[in-house]
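Residues per chain are reported as follows:
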There are 2 protein chains.
Amino acid sequence: MNMLLLEKEDFSAPGKAVVRGRRFERLRDFIHIAEGKELKAGVRNTDCGKAVVVRITDNEAEVAYTPLSAPPPPLPLTLIMALQRPQTFEKVLHGAVSLGVKKIHFIHTFKVEKSYWQSSRLRPENLREEITLALEQAADPVEPELFFHRRFKPFAEDELENIAAGTLRFFGDPAGTAPVPVRGTPLTLALGPEGGFTEYETETLRRHGFRGLATGERILRTEFALAALLGKLLL
Amino acid sequence: MNMLLLEKEDFSAPGKAVVRGRRFERLRDFIHIAEGKELKAGVRNTDCGKAVVVRITDNEAEVAYTPLSAPPPPLPLTLIMALQRPQTFEKVLHGAVSLGVKKIHFIHTFKVEKSYWQSSRLRPENLREEITLALEQAADPVEPELFFHRRFKPFAEDELENIAAGTLRFFGDPAGTAPVPVRGTPLTLALGPEGGFTEYETETLRRHGFRGLATGERILRTEFALAALLGKLLL
């Protein structure tokens, strides 16, 4: 937890917030807060600032919050990603959110197992928790938007063009040769499932202006491929 | 397992290898091998090729191995990394190895907890297993060399200069401003512990020619920071 992420509901008065439950336990057991301690903090989808601990009881802490700055700017990148198996999904979501991606489209492709769509990790409350942990890690209070597309063809035919409008378009491709664009260019990056995109899917992406971006000579776990490509494109 | 990694001891005759235990179970249960099936394979620290399954019993498979190519070239980068807590160490090791780093120096720094050096994950047999899994993932048969330095000062005074000889030198730094070097330049990259390098450590690195390389505006888990920086420098 590199930032105490405050919710609007935590505030009992302007600048005065009370934290309970998981966040309180974290502050007590790992950060060993005491009255007067200053913490890096932020308010969800609002701003970054500092929180000074003013009162601690057995089950809550009250902090005085002062906004100091705007949140870090979003990565200028929309991510389109084949839905991964549950454990990998969690890592990929954490990676994408902590790296600053603010628009993530999870899609079905031929090599995505249908059962992945039933995973409890996709339930709203679980998504919210994963996202919160990643925002606390990154010290960024701004939630990403997630979108889920359960059928590839309607997604590709009816939505892809809008989603990628005004951006340079890439897909992760072991044989990719597209040059890396200038930093700051708005991008859309598509990543396939563990088994890769099919030829039909790749052709569809190419028809919409996507070009293959090399992922290196080695086969990486999805979460490492994602981080390496974001580093290559944007860091 | 994107490559069947064969050991020299697996060979009963030239081109004829027998696989048992974990690798056999993996081939049977996940890859559903049958006689005649062709697999991507490699021989540890030797070459890449193909293996054709010629015989399957209840507890072993015999394959005919044909070498086809040299291993993928190593990343031109030496990694120096503060020892992480055990779970993170495992992820970082997997990431570094699967991305193709062939020289990894784990070091002690002020903010590394002494207990990390007692972790069972550092035992040779556990290191070997982790490395094997990462090589199978990456489809690269070449093991990295690992080095462990339990004291920062002797490391910095007596070894750092040799380790980094002939390379451009960087350390991960939230405030870094060093430009990204041309691809192919031999590099040394130093990454700090969760709490970062101390000022003394940073100064020591600078004195040896290391420059701060920006890690982005967000705070990343070590394994993601590593993958993003390697992507930025080398992908």
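What counts as what
- Residues numbered from 1 in each chain as written.
- Chains lettered and ligands numbered in written order.
- Predicted model: local features only at pLDDT ≥ 70, side-chain atom pairs only at ≥ 80, totals over all residues.
- Heavy atoms only, no water.
- Phe/Tyr/Trp six-rings, centres within 6.5 Å; stacked < 30°, edge-to-face > 60°.
- Helix = DSSP H or I, 4+ residues; strand = E, 2+ residues; numbered from the N terminus.
- Buried < 20%, exposed > 50% of the residue type's maximum accessible area, 1.4 Å probe, protein only.
- Contact = heavy atoms within 4.5 Å.
- Pairing = 2+ DSSP bridges.
- Axes fitted to C-alpha atoms, helices over the stretch in contact; angles between N-to-C directions.
- Salt bridge = Lys/Arg side-chain N within 4 Å of Asp/Glu carboxyl O.
- Parallel < 35°, antiparallel > 145°, perpendicular 65-115°, else oblique.
- Nonpolar A, V, L, I, M, F, W, Y, C, P; charged D, E, K, R; others polar.
- Least-squares fit on C-alpha atoms with pLDDT ≥ 70 in both.
- Domains from an automatic or database assignment.
- Buried area = accessible area lost by both parts, 1.4 Å probe.
- Polar contact = N/O pair within 3.5 Å; in protein donor to acceptor, adjacent residues only side chain to side chain.

Enquirer: Break down the packing of aromatic side chains for me, with residues and values.
Expert: To describe a pair of aromatic rings, one takes the distance between the centres and the angle between the planes. All names here are of chain A. Applying the stated criterion across every chain yields a total of 14 aromatic pairs over all chains. Each ring, one from Phe 152 and one from Tyr 200, has its centre 6.2 Å from the other, and the planes form 70°; the classification is edge-to-face. One end of the pair, Phe 152, is in helix 4 (residues 152–163); the other, Tyr 200, is in helix 5 (residues 199–207), with 48 residues separating them in the sequence. Look at Phe 152 and you get buried, because its relative accessible area is 9%. On the basis of relative accessibility, which here comes to 43%, the residue Tyr 200 falls in the partly exposed class.

Enquirer: So what about the side chain of Thr 78 of chain A? Which residues, and what values?
Expert: All names here are of chain A. Within the fold, Thr 78 resides in strand 7 (residues 77–82). On the accessibility criterion, Thr 78 (10% relative accessible area) is buried. Those residues within four positions of Thr 78 in sequence are excluded, and the remaining contacts are Lys 103, His 105, Ile 163, Leu 187, Thr 188 and Leu 189.

Enquirer: Report on the sheet that holds strand 1 (residues 4–6) of chain B, specifying residues and quantitative values.
Expert: Residue and element names in this part refer to chain B. One open sheet holds the six strands; their spatial order is 1-4-5-6-3-2, and the pairing between them is mixed. The open sheet has two edge strands with one neighbour each: strand 1 and strand 2 (11–13). Strand-to-strand, the axes of this sheet are offset by a mean angle of 40°, without reference to chain direction. Strands strand 1, strand 3 (16–20), strand 4 (38–43), strand 5 (47–56) and strand 6 (60–69) of the sheet are contacted by helix 1 (residues 21–29), whose axis makes an angle of about 90° with strand 3.

Enquirer: Could you give an account of the sheet that holds strand 2 (residues 11–13) of chain A, with specific residues and numbers?
Expert: Residues and elements named next belong to chain A. Spatial strand order, 1-4-5-6-3-2: six strands in an open sheet with mixed pairing. Because the sheet does not close on itself, it has two edges, and the strands there are strand 1 (4–6) and strand 2. Averaged over all adjacent pairs, the angle separating strand axes in this sheet is 40°, with direction ignored. Pairing geometry for strand 2 and strand 3 (residues 16–20), over two bridges, is antiparallel. Paired with Phe 11 across the two strands is Ala 17, which belongs to strand 3. Against the sheet, helix 1 (residues 21–29) engages strand 1, strand 3, strand 4 (38–43), strand 5 (47–56) and strand 6 (60–69), with an angle of about 90° to strand 3.

Enquirer: Can you explain the pattern of salt bridges? Please cite residues and give values.
Expert: Should their charged atoms come close, side chains of opposite charge can pair. All names here are of chain A. Summed over all chains, the structure comprises 38 salt bridges over all chains. Arg 44 is paired through a salt bridge with Glu 7; the nearest N and O atoms lie 2.7 Å apart. Taken as a pair, Arg 44 in the loop between strand 4 and strand 5 and Glu 7 in the loop between strand 1 and strand 2 lie far apart in primary sequence, 37 residues in all. Note on accessibility: Arg 44 and Glu 7 belong to one class, buried. Residue Arg 22 is joined to Glu 136 by a salt bridge in which the shortest nitrogen-to-oxygen separation is 2.8 Å. Taken together, the residues Arg 22 in helix 1 and Glu 136 in helix 3 (residues 124–138) connect sequence positions 114 residues apart. Note on Arg 22: relative accessible area 34%, which makes it partly exposed.

Enquirer: Tell me what's going on with the packing of helix 4 (residues 152–163) of chain B against helix 5 (residues 199–207) of chain B, and back it up with residues and numbers.
Expert: Residues and elements named next belong to chain B. At a minimum axis distance of 11 Å, the contact between helix 4 and helix 5 shows a crossing angle of 5°. Between helix 4 and helix 5, the angle is such that the two are roughly parallel. Seen from helix 4, the contacting residues are Phe 152, Lys 153, Ala 156 and Leu 160; seen from helix 5, they are Tyr 200, Glu 201, Thr 204 and Leu 205. Across the contact of helix 4 with helix 5, the residue classes tally to five nonpolar, one polar and two charged.

Enquirer: So what about the relation of the copies chain A and chain B? Which residues, and what values?
Expert: Least-squares fitting of chain A to chain B yields an RMSD of 0.0 Å, with the transformation described by 0.0 Å of translation along the axis and a rotation of 180°. Those values place the two copies in the arrangement expected of a two-fold rotation axis. Counting the interface residues of chain A, we find that 100% of their copies in chain B are interface residues as well, pointing to one common contact surface.

Enquirer: Give me the domain arrangement of chain A: which residues, what numbers.
Expert: Residue and element names in this part refer to chain A. Per the domain assignment, the segments making up chain A are domain 1 (4–69) and domain 2 (77–234). For domain 1 and domain 2, the distance between their C-alpha centroids amounts to 33 Å. In total, about 860 Å² of surface goes out of reach between domain 1 and domain 2, with carbon and sulfur atoms giving 51% of it. On inspection of domain 1 and its partner domain 2, the count reaches three salt bridges. Where domain 1 touches domain 2, the interface holds six residue pairs in polar contact (both at pLDDT 80 or more).

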